[in-house]
Amino acid sequence: MAHLEVSRVTKRYGNTVAVDDVSFSAEPGRILGLLGPNGAGKTSTIRMITYIAVPDAGAVRYDGRTVGPWSQQRMGYLPEESGLYKRLGVKEQLVYLGTLKGLSRATAADRADYWLDRFDATDWADMTTEELSKGMQQKIQFIATLLHDPSLLIFDEPFSGLDPINADLLRDIILELRRDDRTILFASHRMEQVEQLCDDICLMAEGDVVLQGPLRDVKAQFGQNTLVLEFDGDDAFIDELVTAGQVRVNTRSAHRAELTLADGTDARQVLNRALDRTDELYRYERVAPPLNEIFVEVVGEAEAQRMREEAAAGAA
């Protein structure tokens with residue numbers, strides 16, 4: 001399998017610079033997470049990778065060659081928005097889309113049957129797209145992305161509209177494809193999904209790459225300033241720590257909290273407070289920060305909050 005290289009690409013729309021001198025690469029057998037809020041340049045970058053748009057400067061190469069119609073035949077692209085024909089039957093359009101990627105009708109039909117069965121969707125074969133729910137349509141688009149057995153896969157918010165069971169199924173298949181040495185680009189607003197799936201990340205903001213590299217290395221750069229606590233009893237001590245400016249809350253539930261230490265706060269202070277105020281402290285662990293906290297540190301709270309809001313809207 002071959003790797004993808006985005007080399008110093010720039011894309012302008014009138015006076016707006018959507019992508020500004022961006023470079024990154026995606027390797028076979030690894031998943032690259034492309035992160036950033038709306039307006040960060042992700043969509044424009046994907047459009048150049050898929051040869052829907054052409055860079056004003058720089059180059060996109062796959063397998064050592066500049067992308068073009070030839071590479072489109074080796075790519076599978078799942079866009080964020082639906083690209084299905086509303087009034088065509090499910091299997092009919094899967095076969096049609098497969099033939100556009102060079103498959104014979106017989107091969108496309110066989111592969112459509114396999115994937116429909118894999119997704120427990122055989123009964124949908126004669127239904128039209130407009131009869132399907134958003135989640136059902138997403139599964140059909142996912143099948144269309146894989147039908148021609150592409151070596152490069154680009155998934156843009158692939159879990160949109162899916163319930164947890166079907167999201168797990170898609171996740172398992174994406175990981176299967178990774179083990180098969182495909183080159184995979186995963187674009188998302190959802191940082192927790194990127195942390196679960198991706199080997200490498202490329203974080204974009206306002207058309208620039210602001211952070212990139214292997215996920216483990218990126219997290220290591222930001223130290224271990226996050227505390228994970230699991231406990232029984234009163235959690236008012238967390239409010240006291242926040243009021244004192246000693247921590248920031250990342251996530252919190254009745255018996256669990258993930259906290260970021262403020263500059264100058266000794267982790268032992270938090271431990272002592274938790275031991276004094278809870279009935280039982282089951283877990284106290286200092287870990288590398290989650291991606292969301294890294295994003296806050298790199299681009300600021302306002303931009304991170306905007307991305308969280310977009311992720312929540314996409315999940316709704």
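Cut-offs and rules
Residues numbered from 1 in each chain as written. Predicted model: local features only at pLDDT ≥ 70, side-chain atom pairs only at ≥ 80, totals over all residues. Heavy atoms only, no water. Helix = DSSP H or I, 4+ residues; strand = E, 2+ residues; numbered from the N terminus. Buried < 20%, exposed > 50% of the residue type's maximum accessible area, 1.4 Å probe, protein only. Contact = heavy atoms within 4.5 Å. Areas by Shrake-Rupley, 256 points an atom, 1.4 Å probe, with all protein chains shown as cover. Lys, Arg positive; Asp, Glu negative; His and termini not counted. Charge placed at Lys NZ, Arg CZ, Asp CG, Glu CD. Pairing = 2+ DSSP bridges. Axes fitted to C-alpha atoms, helices over the stretch in contact; angles between N-to-C directions. Domains from an automatic or database assignment. Parallel < 35°, antiparallel > 145°, perpendicular 65-115°, else oblique. Nonpolar A, V, L, I, M, F, W, Y, C, P; charged D, E, K, R; others polar. Salt bridge = Lys/Arg side-chain N within 4 Å of Asp/Glu carboxyl O.

**Let's talk about the overall build of the protein**
Right, so step 1: For the protein, the count of helices and strands is 12 helices and 14 strands.
Right, so step 2: Seen along its three principal axes, the alpha-carbon backbone of the protein occupies a region of about 70 × 45 × 35 Å.
Right, so step 3: Across the 316 residues that make up the protein, the buried fraction comes to 48%.
Right, so step 4: Considering only intrachain contacts with a sequence separation of at least 6, the fraction spanning at least 24 residues in the protein is 68%.
Right, so step 5: Summed over all atoms, the accessible surface of the protein reaches about 14900 Å², with 45% contributed by carbon and sulfur.
Right, so step 6: Of the charged side chains in the protein, 35 are positive and 52 negative, and the gap between their average positions amounts to 5 Å.

**Notes on the environment of Thr50**
Right, so step 1: Here Thr50 is to be found in the loop between helix H1 (42–49) and strand S4 (57–62).
Right, so step 2: For Thr50, a relative accessible area of 5% corresponds to the buried category.
Right, so step 3: Taking the C-alpha atoms as reference points, Thr50 and Arg252, 202 residues apart in sequence, are found 40 Å from one another.
Right, so step 4: Not counting residues up to four positions away in its chain, the partners in contact with Thr50 are Gln72, Met75, Tyr77 and Ile154.

**Points about the side chain of Asp156**
Right, so step 1: Relative to the elements of secondary structure, Asp156 occurs in strand S7 (residues 152–156).
Right, so step 2: Discounting residues that sit within four places of it in the chain, Asp156 has contacts with Ile46, Tyr77, Leu78, Pro79, Glu80 and Ala187.

**Considerations on the sheet that holds strand S10 (residues 208–214)**
Right, so step 1: Across the sheet, 6 strands lie side by side as S6-S7-S8-S3-S9-S10; this open sheet has mixed pairing. Strand pairing shows two members of the sheet lacking a second neighbour, strand S6 (75–78) and S10, which therefore form its edges. Taking each pair of neighbouring strands and ignoring which way they run, the sheet shows an average axis angle of 15°.
Right, so step 2: Of the strand pairs in this sheet, strand S9 (residues 200–205) and S10 are connected by 6 bridges, and their pairing is antiparallel. By the bridge assignment for S10, Ala205 is matched with Asp208.
Right, so step 3: The sheet strands contacting helix H6 (residues 164–179) are strand S3 (30–35), S7 and strand S8 (183–188), and the helix crosses S3 at an angle near 125°.
Right, so step 4: Against the sheet, helix H11 (residues 291–299) makes contact with S3, S9 and S10, and its axis sits at roughly 140° relative to S10, the strand it touches most.

**With respect to the domain arrangement of the protein**
Right, so step 1: We note that the domain assignment places domain 1 (4–214) and domain 2 (224–287) within the protein.
Right, so step 2: If you average the C-alpha positions of domain 1 and of domain 2, the two centres end up 39 Å apart.

**Comments concerning the sheet that holds strand S11 (residues 226–232)**
Strand pairing in a sheet relies on backbone hydrogen bonds. The paired strands run either parallel or antiparallel.
Right, so step 1: Pairing is antiparallel across the open sheet formed by 4 strands, whose spatial order is S12-S13-S11-S14. Since the sheet does not close on itself, it has two edges, and those belong to strand S12 (247–252) and strand S14 (280–287), each with one partner. Within the sheet, the average angular offset between the axes of one strand and its neighbour, ignoring direction, is 25°.
Right, so step 2: Inspection of the sheet shows S11 paired to strand S13 (residues 256–261) by 5 bridges, in the antiparallel sense. Of the residues in S13, the one forming a bridge with Val228 is Glu258.
Right, so step 3: Packed onto the sheet, helix H9 (residues 236–243) meets S11, S12 and S13 and runs at close to 140° relative to S12.

**Re the packing of helix H5 (residues 134–146) against H6**
Right, so step 1: Running from N to C, H5 and H6 cross one another at 10°; their axes reach a closest spacing of 12 Å. For the element pair H5 / H6, the angle class is roughly parallel. In contact with Lys139, Phe142 and Leu146 of H5, H6 contributes Asn166, Leu170, Ile173, Ile174 and Leu177.
Right, so step 2: A class-by-class count of the residues in the contact of H5 with H6 yields 6 nonpolar, 1 polar and 1 charged.

**Describing the pairing of S12**
Right, so step 1: In this structure, S12 lies alongside S13, joined through 5 bridges in antiparallel fashion. The partner of Val247 across the bridge, within S13, is Leu261.
Right, so step 2: The antiparallel pairing of S12 with S13 creates a hairpin that spans 3 residues between the two strands.

**Here's the deal with the pattern of salt bridges**
Right, so step 1: Under the criterion given, the structure shown has 19 salt bridges.
Right, so step 2: Lys219 is the partner of Glu195 in a salt bridge, and the nearest nitrogen-oxygen pair spans 2.6 Å. Of this pair, Glu195 sits in helix H7 (residues 191–197) while Lys219 sits in helix H8 (residues 215–221); the two residues are 24 residues apart in sequence, bridging distant segments of the chain.
Right, so step 3: Exposure remark for Lys219: the relative accessible area of 16% places this residue in the buried category.
Right, so step 4: For the salt bridge of Arg283 with Glu230, the shortest nitrogen-to-oxygen distance reads 3.2 Å. Placement of Arg283 in strand S14 and of Glu230 in strand S11 is noted, with a sequence separation of 53 residues between them.
Right, so step 5: Overall, Glu230 belongs to the partly exposed group, its relative accessible area being 26%.
Right, so step 6: Three or more residues joined by partner-sharing salt bridges are found here, namely Glu230, Arg256, Arg283 and Glu285.

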